Amino acid sequence: HGWIFFLRFLLMFFDYSDIRALNMFMQIILLIYTFILMERKKLKQMTAGQKLEYIWAYYKPHMAVALGIILLIVFIGQMIYRSQFDTVFYAAIINGTAGDGEALAEDFKNYTGDTDKYHEYTIDNSMYLMKDQEDYQMVMKLSTIIGAQQVDVLIAPEYKFQEYVEQDGFYPMSELLTDKQQEAYKDDLTEYGLHVGDSKVLQSFGVDEDSYMGVLVYSDHLDEAKSFITYIMGDGNTPDENEGGQK
């Protein structure tokens, strides 16, 4: 059973589904190679133009099928690869398009101490809204991602934030913050949010001065959401360095 050695080696880098996809890909490669060997003698006697004409005339369906299979394998491979990732935190920042969302997400992940390479942290700062002049596509995107329960934390101008407060969209801050944190953040604290317009962490994002941050009621990532609060309110320091921060 010498093949077991190779199987164990492959399992160090791939799971069973990946190995099956790899096996299918190798079979296609062998099939193409076999075809080349079979036709080699005949093609050897032809000019370059004749070879292309011959292959195009007789093997168009074969090439189409081979291409389709390769594309299918690539698609399946991408699905298998993406399925390994898990979004453990998602924040939407409205009117913060000037900043680097990916860099902030990576910095916050480091802040939490999460070293799992398959854990994804997303900061979506692609939406810009103006009161009384809202872009329909931006409104639809925000409504869609919130309706799909993707968003854990929303940072938005007061008028937009208040819309979701009126829909009972946020956790009360008293359920998220300790007494010590509530005391530390009292100047910025409301029943359902925190004023973050002057946050140093968000300074480069250019958020509106009246921006507020809240945690959506359907969030399944409350620990990460609480950490994000201390991250934003504590100016990016580690939790034990933040005044009133979580231990």
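Residues numbered from 1 in each chain as written. Predicted model: local features only at pLDDT ≥ 70, side-chain atom pairs only at ≥ 80, totals over all residues. Heavy atoms only, no water.

1. Points about the sheet that holds strand 2 (residues 119–124)
At step 1: One open sheet holds the 5 strands; their spatial order is 2-1-3-5-4, and the pairing between them is mixed. Of all strands in the sheet, those with a lone pairing partner are strand 2 and strand 4 (194–195), marking the two edges.
At step 2: Relative to strand 2, strand 1 (residues 86–93) is paired through 6 bridges, and the arrangement is parallel. Bridge pairing in strand 2 links Y90 to T122.
At step 3: Packing of helix 6 (residues 158–166) onto the sheet brings it into contact with strand 3 (153–157) and strand 5 (211–215), and relative to strand 3 it is tilted by some 130 degrees. (Pairing = 2+ DSSP bridges. Helix = DSSP H or I, 4+ residues; strand = E, 2+ residues; numbered from the N terminus. Contact = heavy atoms within 4.5 Å. Axes fitted to C-alpha atoms, helices over the stretch in contact; angles between N-to-C directions.)

2. Observations concerning the environment of A156
At step 1: In this fold, A156 is placed in strand 3.
At step 2: Taking the C-alpha atoms as reference, A156 lies 9.4 Å from G197; in sequence the two are 41 residues apart.
At step 3: In this structure, A156 is in contact with I94, F161, D210, S211 and Y212, ignoring residues within four places of it in sequence.

3. Overview of the confidence of the model for the protein
In regions of low pLDDT, the predicted coordinates are not meant to be interpreted in detail.
At step 1: With 85% of its residues at a pLDDT of 70 or more, the protein shows a mean pLDDT of 83.
At step 2: Across residues 235–247, confidence stays below pLDDT 50; counting only partners more than four residues off in sequence or on other chains, it has 32 contacts. (pLDDT = per-residue confidence, 0-100.)

4. A closer look at the nonpolar core
At step 1: Ranked by internal contacts, the top residues of the largest apolar core, which has 31 residues, are F89, V153, L202, M213, F228 and I229.
At step 2: Among the elements of the structure, strand 1, helix 4 (101–112), strand 2, strand 3, strand 5 and helix 8 (222–233) are those that each provide at least two residues to this core. (Core = buried A, V, L, I, M, F, W, Y, C linked by side-chain atoms within 4.5 Å. Buried < 20%, exposed > 50% of the residue type's maximum accessible area, 1.4 Å probe, protein only.)

5. Some details on a nonpolar patch on the surface
At step 1: Judged by side-chain polarity, L22, F25, M26 and I29 come together as a nonpolar surface patch covering roughly 310 Å² of accessible area.
At step 2: Note on placement: F25 falls in helix 2 (residues 16–44). (Patch = residues over 30% accessible without salt bridge, like charges linked within 9 Å, V, L, I, M, F, W, Y side chains within 5 Å. Areas by Shrake-Rupley, 256 points an atom, 1.4 Å probe, with all protein chains shown as cover. Salt bridge = Lys/Arg side-chain N within 4 Å of Asp/Glu carboxyl O.)

6. With respect to the packing of helix 4 against helix 8
At step 1: One way to put it is that helix 4 packs onto helix 8 with a least axis distance of 11 Å and a crossing angle of 105 degrees. Our classification of the angle between helix 4 and helix 8 gives roughly perpendicular. Residues L104, D107, F108, Y111 and T112 of helix 4 pack against E224, S227, F228, T230 and Y231 of helix 8.
At step 2: Considering only residue class, the contact of helix 4 with helix 8 consists of 5 nonpolar, 3 polar and 2 charged. (Parallel < 35°, antiparallel > 145°, perpendicular 65-115°, else oblique. Nonpolar A, V, L, I, M, F, W, Y, C, P; charged D, E, K, R; others polar.)

7. Things to note about the side chain of N125
At step 1: You can see N125 is positioned in the loop between strand 2 and helix 5 (136–147).
At step 2: One polar contact links the side chain of N125 to the main-chain carbonyl oxygen of G96, over a distance of 2.9 Å.
At step 3: Within polar-contact distance, the side chain of N125 engages the backbone oxygen of G99 at 3.0 Å.
At step 4: Residues contacting N125, with those up to four places away along its chain left out, are I93, G96, T97, G99, D100, G101 and F205. (Polar contact = N/O pair within 3.5 Å; in protein donor to acceptor, adjacent residues only side chain to side chain.)

8. A short note on a negative patch on the surface
At step 1: On the surface, E158, D198, E209 and D210 cluster together to form a negatively charged patch.
At step 2: Tracing the backbone through its elements, the reader meets D210 in the loop between strand 4 and strand 5.
At step 3: Residue class for D210 comes out partly exposed when judged on its relative accessible area of 31%. (Lys, Arg positive; Asp, Glu negative; His and termini not counted. Charge placed at Lys NZ, Arg CZ, Asp CG, Glu CD.)

9. Regarding helix 6
At step 1: Listing the buried residues of helix 6 in full gives Y159, K160, F161, Y164 and V165.
At step 2: For helix 6, the secondary structure elements touched by its buried residues are helix 5, strand 3 and strand 5.
At step 3: One or two residues past the end of helix 6 sits D168, with phi positive at roughly 55 degrees.

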